[in-house]
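Each chain is listed here by its residues.
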Amino acid sequence: MRLVVADDTMELACRKETTGKLSRFLASVEDGSLFKGRIQFHKSEDTITVMLKGNKVGSINLFNLKEVLNAYNV
């Protein structure tokens, strides 16, 4: 799976990752982080914060991201 951080006009960064690794991160009961480098995901309760080069660029509801991953696996 290719994860992309983009603004309205261009791609800012991307990362290739397996859906299995993402699913395990989302299913874990502990808060934590995924990835090191330009793109990072930080999980806290029911929210994933997306960081780009140390700056928050967005957030995703944990349930919504799980739904997207499940749809991708079908």
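Scroll up a little and you will see the structure.
Residues numbered from 1 in each chain as written. Predicted model: local features only at pLDDT ≥ 70, side-chain atom pairs only at ≥ 80, totals over all residues. Heavy atoms only, no water.

Draft legend 1. Spatial organisation of the overall build of the chain. Regarding its fold elements, the chain presents two helices and six strands. Helices and strands appear in the chain in the N-to-C order β-β-α-β-β-β-β-α. In terms of overall dimensions, the chain is globule-like: its C-alpha atoms have a radius of gyration of 12 Å, near the 11 Å expected for 74 residues. Counting only C-alpha atoms and orienting by the principal axes, one finds that the chain spans roughly 30 × 25 × 20 Å. Within the chain, the fraction of its 74 residues that count as buried is 28%. Counting only contacts in the chain whose residues sit at least 6 apart along the sequence, the fraction spanning at least 24 positions is 23%. Here the chain has roughly 5,100 Å² of accessible surface; of this, 51% comes from carbon and sulfur atoms. (Helix = DSSP H or I, 4+ residues; strand = E, 2+ residues; numbered from the N terminus. Rg over C-alpha atoms; globule rule 2.2 N^0.38 Å. Buried < 20%, exposed > 50% of the residue type's maximum accessible area, 1.4 Å probe, protein only. Contact = heavy atoms within 4.5 Å. Areas by Shrake-Rupley, 256 points an atom, 1.4 Å probe, with all protein chains shown as cover.)

Draft legend 2. Representation of the sheet that holds strand E6 (residues 55–61) within the structure. Spatial strand order, E3-E4-E5-E6: four strands in an open sheet with antiparallel pairing. Of all strands in the sheet, those with a lone pairing partner are strand E3 (32–34) and E6, marking the two edges. Across the sheet, the axes of successive neighbouring strands diverge by a mean angle of 25°, strand direction being ignored. (Pairing = 2+ DSSP bridges. Axes fitted to C-alpha atoms, helices over the stretch in contact; angles between N-to-C directions.)

Draft legend 3. Region of the structure containing helix H1 (residues 19–27). Within H1, the full set of buried residues consists of Thr19, Leu22, Phe25 and Leu26. Looking down the long axis of H1, one finds its buried residues gathered within 125° of arc, a one-sided arrangement. With respect to the buried face of H1, the exposed residues turned more than 90 degrees away are Arg24 and Ala27. (Arc of directions from axis to C-beta.)

Draft legend 4. Summary view of the nonpolar core. Counting residues in hydrophobic clusters, the biggest one holds 16 residues, and the most contacted among them are Leu22, Leu26, Phe35, Ile39, Phe41 and Ile48. Of all the secondary structure elements, the ones that give two or more residues to this core are strand E1 (2–6), H1, strand E4 (39–44), strand E5 (47–52) and helix H2 (62–73). Among all residues touching isoleucine 39, those that are not within four sequence positions of it are Leu3, Val5, Ala13, Cys14, Arg15, Met51 and Leu52. (Core = buried A, V, L, I, M, F, W, Y, C linked by side-chain atoms within 4.5 Å.)

Draft legend 5. Inspection of unusual backbone geometry at higher detail. Positive phi values are uncommon outside glycine, yet phenylalanine 35 reaches one of about 80°. Structurally, phenylalanine 35 is set in the loop between E3 and E4. Even without being glycine, glutamate 45 reaches a positive phi, approximately 55°. Among the secondary structure elements, glutamate 45 is positioned in the loop between E4 and E5. The class of glutamate 45 is exposed, set by a relative accessible area of 66%.

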